[in-house]
Amino acid sequence: MVRRTRALVALTLLASTLAACGGDEDTDRPTLNWYNFPDDSGALQKAADRCSQASGGRYRISYNKLPRAADGQRQQMVRRLAAEDDSLDILGLDVTWAAEFAEARWIREWTGETKRRATEGTLSVPLRTATWKGRLYAVPYNTNTQLLWYRKDLVPTPPRTWSEMLEMSRDLARQGKPHYVEIQGAQYEGLTVWFNSVINSAGGSILDPRATEPSLGPPAVRAASIMRDLARSPAADPSLPNQMEDQNRLAMETGVAAFELNYPFVYPSMKANNPKLFKDFRWAPYPRVDADRPARPTIGGIDLAVSAYSRHPDLAFEAALCLRDRENQLTAALEGGLPPTLRALYDEPAFMKAYPFSKEVLDALESASVRPVTPAYQNVSIAVSHTLSPPSGIKPESAVGTIGEQIDEALRSEGVIP
């Protein structure tokens, strides 16, 4: 009995020692906290798991989900970085945030070999969103842009310009057929994106090349006029002043619209929710302002940055590169519906099959525009969306004047919106 008791004690001690060793080994492996938007597809968690495994035990990535709303995401990170929170390592930034975070010295610059690896094979326009004052502060993780979606049973040949689309809508309305143009008209970021896409397509921009003062001018007046003309025409959905991307998707799926300006997520949604309409659901390039000038739709997406307060910056840079490598970007595209930023993936058969509109997306990305790259972007966006809401009330010349004045004030402001 005594021998048995001693044996049990010995086994217990041995097991405790082994468990402690295992625990020490796991504790010695740094955990890199990756904060990003909440992904329901599982693609981001797969990336974190793959990269943790590929590190050979040198680090483990913990994927932490931020709030769903972009404002909530930014607010959480701004507050924690302002407090120099060292538990943040890799940050998923909206493409409009890099300049603000870099100017505040909250994120680290990408240099040397990490910069070379981050830029090699990456589309050039997404890289512009991650660059501030000629320096790279993030690496593009995924991107996005809008296409023109239309019903082929109503419109055999898609319009090339805004004016053509409005005329087609009027013709359909006269015939008593579905004719709305679904687009984002609510007072939020989507309204700024609409204005930015049209002003750039008209040959202008919101800010000058150095982002030190408003540019605007005649192209801005043309953009504001196009927005007003649509809002006052039969093409306007009665809910336009309150519509965001998802309301546009739902309206198209119910059959009341002929056209929709939206992101590629509407394609699988239409396929799942209205198979009958899906048979005639087609896509085309974003409408031009002038027939002889390519459209320049605005890009979206997420950039990955390394926190200035990370305790493991070298590992964080390495992990960020892994999270957006070829395999993980392809998974994010196929399972999460997030277009990649690596040019080579647009020739990948699996991607081309899942994205039959991949050529149009690539063409749009290669000629796309970016929103103003400035630390004051939040103020700039508010000036635009508040002045242009509701679209039917736009007075083009006075609205552009107001936007210019408010942007000028925003650029002189040194504060960060909390």
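Definitions and cut-offs
Residues numbered from 1 in each chain as written. Predicted model: local features only at pLDDT ≥ 70, side-chain atom pairs only at ≥ 80, totals over all residues. Heavy atoms only, no water. Axes fitted to C-alpha atoms, helices over the stretch in contact; angles between N-to-C directions. Helix = DSSP H or I, 4+ residues; strand = E, 2+ residues; numbered from the N terminus. Parallel < 35°, antiparallel > 145°, perpendicular 65-115°, else oblique. Left-handed = near helix turned anticlockwise from the far one by under 90°. Contact = heavy atoms within 4.5 Å. Nonpolar A, V, L, I, M, F, W, Y, C, P; charged D, E, K, R; others polar. Pairing = 2+ DSSP bridges. Disulfide = S-S within 2.5 Å. Domains from an automatic or database assignment. Buried area = accessible area lost by both parts, 1.4 Å probe. Salt bridge = Lys/Arg side-chain N within 4 Å of Asp/Glu carboxyl O. Buried < 20%, exposed > 50% of the residue type's maximum accessible area, 1.4 Å probe, protein only. Polar contact = N/O pair within 3.5 Å; in protein donor to acceptor, adjacent residues only side chain to side chain.

**Re the packing of helix H17 (residues 377-387) against helix H18 (residues 396-412)**
- One can describe the packing of H17 onto H18 by two numbers: an axis separation of 9 Å at closest approach and a directional angle of 160°. The angle between H17 and H18 places the two elements in the roughly antiparallel class. Considering only the axes of H17 and H18, their crossing is right-handed. Contacts between H17 and H18 pair Asn 379, Val 380, Ala 383, Val 384 and Thr 387 from the former with Ala 399, Thr 402, Ile 403, Gln 406, Ile 407 and Ala 410 from the latter.
- Along the lines of polarity and charge, the residues of the contact of H17 with H18 split into seven nonpolar, four polar and no charged.

**What about the sheet that holds strand E10 (residues 281-284)?**
- What the four strands build is an open sheet, ordered E8-E9-E7-E10; its pairing is mixed. Both edges of this open sheet fall to strand E8 (180-182) and E10, since each of them pairs with a single strand only. Taken over all neighbouring pairs, the strand axes of this sheet differ in orientation by 20° on average, direction set aside.
- Relative to strand E9 (residues 257-262), strand E7 (residues 147-151) runs antiparallel, the two being bridged by four bridges. Opposite Trp 149, over in E9, you have Glu 260 as the bridge partner.

**A word on the state of the cysteines**
- As enumerated under the stated definition, the model contains one disulfide in all.
- The side chain of Cys 51 participates in a disulfide bridge whose partner is Cys 322; the two sulfur atoms lie 2.1 Å from each other. In this structure the cystine formed by Cys 51 and Cys 322 twists about its S-S bond by roughly -95°; its chirality is therefore left-handed. On the criterion of sequence distance, the pair formed by Cys 51 in helix H2 (residues 43-54) and Cys 322 in helix H13 (residues 313-323) is long-range, its members being 271 residues apart.

**Some details on the domain arrangement of the chain**
- Partitioning the chain into structural domains gives domain 1 (31-144 + 300-366) and domain 2 (147-297 + 375-412).
- In this structure, domain 1 and domain 2 have C-alpha centres spaced 28 Å apart.
- The junction of domain 1 with domain 2 conceals about 1200 Å² of combined surface from both sides, 73% of it contributed by carbon and sulfur atoms.
- Where domain 1 packs against domain 2, one counts zero salt bridges.

**Let's talk about the pattern of salt bridges**
- Applying the stated criterion across every chain yields a total of 26 salt bridges.
- In this structure, the salt-bridge partner of Arg 116 is Glu 120, at a minimum N-O distance of 3.2 Å.
- By relative accessible area, which is 39% here, Arg 116 ends up partly exposed.
- Note on Glu 120: relative accessible area 51%, which makes it exposed.
- The partner of Asp 171 in a salt bridge is Arg 174, and the shortest N-O contact between them spans 2.2 Å. Of this pair, Asp 171 and Arg 174 both sit in helix H7 (residues 162-174), three residues apart, which is roughly one turn of that helix.
- Taking relative accessible area as the criterion, Asp 171 reaches 30% and is therefore assigned partly exposed.
- Taking the relative accessible area as the measure of exposure, Arg 174 reaches 60% and is therefore exposed.
- Connected through shared salt-bridge partners, Glu 167, Arg 170, Asp 171 and Arg 174 make up one network.

**Remarks on the environment of Ser 41**
- With respect to the helices and strands, Ser 41 occurs in the loop between strand E1 (31-36) and H2.
- Separated by 2.8 Å, the side chains of Ser 41 and Asp 39 make a polar contact.
- A polar contact of 3.1 Å, which involves the side chain of Ser 41, links it to the backbone nitrogen of Ala 43.

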